[in-house]
Amino acid sequence: TRSTNLVSPLDSVFIRKEPFGLVLIIAPWNYPLNLTLVPLVGALAAGNCVVLKPSEISQGTEKVLAEVLPQYLDQSCFAMVLGGPQETGQLLQHKLDYIFFMGSPRVGKIVMTAATKYLTPVTLELGGKNPCYVDDNCDPQTMANPVAWFRYFNAGQTCVAPDYVLCSPEMQERLLPALQSTITRFYGDNPQSSPNLGRIINQKQFQRLRALLGCGRVAIGGQSNESDCYIAPTVLVDVQETEPVMQEEIFRPILPIVNVQSVDEAIEFINRREKPLALYAFSNSSQVVNQMLERTSSGSFGGNEGFTYISLLSVPFGGVGHSGMGRYHGKFTFDTFSHHRTCLLAPSGLEKLKEIRYPPYTDWNQQLLRWGMGSQSCTLL
């Protein structure tokens, strides 16, 4: 029940959450199980029928989902379509009631363009280049732990991973040995043999490596093995803003460091680029962290921490601008796949009480109407 005003004091007003209808979910390959099932559960819980398009790149997971899900889900409200870009394009030609897409901004534009034909609402969970500012007033070893973990987790194939570091030349000199120490502690002297370091998903994704490693100068790592789809945890320095590694999301265990002289210069650098999916700031000064928060825009923000917020179901997750639109996680997933329908039910037989709202209008009833519509009762539940 929602609050009413004195113009409709006896009416019942409420929000009815209804399913949109037929939902298309296009899932990514980097976390193929979680990022397929989380939106699927929310869409079905909200009462929708779902057409699920898992990623063809994560072939093993696609095969398992295709075998298992039909055994447990009602086929009258669920269907799975396998295939690649051609099959996805064919799905987008149909009239749908909602589209949920997770992937790159390039493909996100294709999905949004297709949605315009029928004015289909969309949620776009896209990637981007997530900045990580490291202030001079910061212990380099303390922040090297979370930065290295979040950058190299899943071989860097995480949409909210820090994509590049912004710091002063002085902090860079202190940070490099801290990162080297952390990488060795996490993955050993030979990271390729570590069971804690993943691999690039396939050869095609691996091929982008050479152009990226040619940017700036390799300060840490740089080794690779194409047959094993292995890229060592790598740090690049002397990187210029115009180089390829700074033009699009890296999605590899490669961390460029770009030098700035101050927090103001870092904020200026961030704000002249597209809005990222995530932004991180490390400093012992809460004032510096708050400046970064208040003077920038991003899908999410981490102060002296990485992307642990994505494990919290009590808060939404989503992008802004070039990094996407819409939100999900926990109850926010249910709400995303629900149409919030405003409803008012008025009792019959009270028409005489409502005559004040009809013309002709006098100064008296206009004043009374304005007062009545501005008055809120206390029935907000």
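Since the model is a prediction, treat every value here as computed from it, not as a measurement.

## Focus: the side chain of T36
- As for its placement among the helices and strands, T36 is situated in helix α1 (residues 34-45).
- Once you skip the residues sitting within four places of it in the chain, T36 turns out to touch A27, Y31, L52 and L65.

## A few points about the pattern of salt bridges
- Per the stated rule, a full pass over the model turns up 13 salt bridges.
- Across the salt bridge formed by K17 and D335, the nearest N and O atoms sit 3.0 Å from each other. Of the two residues, K17 sits in strand β1 (residues 12-19) while D335 sits in helix α11 (residues 331-336), which places them 318 residues apart along the sequence.
- Among the residues examined, K17 registers a relative accessible area of 35% and is labelled partly exposed.
- Salt-bridge contacts for R273 lead to E241; the nearest nitrogen and oxygen are separated by 3.3 Å. Of the two residues, R273 sits in the loop between α9 (263-271) and β14 (278-282) while E241 sits in the loop between β12 (234-237) and β13 (254-259), which places them 32 residues apart along the sequence.
- Exposure remark for E241: the relative accessible area of 27% places this residue in the partly exposed category.

## A short note on the domain arrangement of the chain
- The domain architecture assigned to the chain consists of domain 1 (12-127 + 324-340) and domain 2 (131-311).
- Taken together, the contact pairs 8 residues of domain 1 with 12 residues of domain 2.
- Between domain 1 and domain 2, a total of about 870 Å² is buried, with carbon and sulfur atoms accounting for 62% of that surface.
- One can count 0 salt bridges joining domain 1 with domain 2.
- For the pair domain 1 and domain 2, the number of links is 3 residue pairs in polar contact (both at pLDDT 80 or more).
- Across the side of domain 1 that touches domain 2, the residue classes tally to 4 nonpolar, 4 polar and no charged.

## A few points about the confidence of the model for the chain
- Summarising the model, the chain shows a mean pLDDT of 92, and 96% of its residues fall at 70 or more.
- Taken together, the stretch residues 377-381 has pLDDT below 50 and engages in 11 contacts with residues farther than four places along the chain or on a different chain.

## Quick notes on helix α10 (residues 286-294)
- Along α10, the positions that sit buried rather than exposed are V288, V289 and M292. The buried residues of α10 occupy one face: seen down the axis, they fall within an arc of 100 degrees. In α10, those exposed residues whose orientation departs by more than 90 degrees from the buried face are S286, Q287 and E294.

## Observations concerning a nonpolar patch on the surface
- There is a patch of nonpolar side chains on the surface, built from V64, V68 and Y72 and spanning about 310 Å² of accessible area.
- Within the secondary structure layout, V68 lies in helix α2 (residues 59-72).
- Accessibility expressed as a relative area gives 35% for V68, which makes it partly exposed.

Reading guide: rules and limits
Residues numbered from 1 in each chain as written. Predicted model: local features only at pLDDT ≥ 70, side-chain atom pairs only at ≥ 80, totals over all residues. Heavy atoms only, no water. Helix = DSSP H or I, 4+ residues; strand = E, 2+ residues; numbered from the N terminus. Contact = heavy atoms within 4.5 Å. Salt bridge = Lys/Arg side-chain N within 4 Å of Asp/Glu carboxyl O. Buried < 20%, exposed > 50% of the residue type's maximum accessible area, 1.4 Å probe, protein only. Domains from an automatic or database assignment. Buried area = accessible area lost by both parts, 1.4 Å probe. Polar contact = N/O pair within 3.5 Å; in protein donor to acceptor, adjacent residues only side chain to side chain. Nonpolar A, V, L, I, M, F, W, Y, C, P; charged D, E, K, R; others polar. pLDDT = per-residue confidence, 0-100. Arc of directions from axis to C-beta. Patch = residues over 30% accessible without salt bridge, like charges linked within 9 Å, V, L, I, M, F, W, Y side chains within 5 Å. Areas by Shrake-Rupley, 256 points an atom, 1.4 Å probe, with all protein chains shown as cover.

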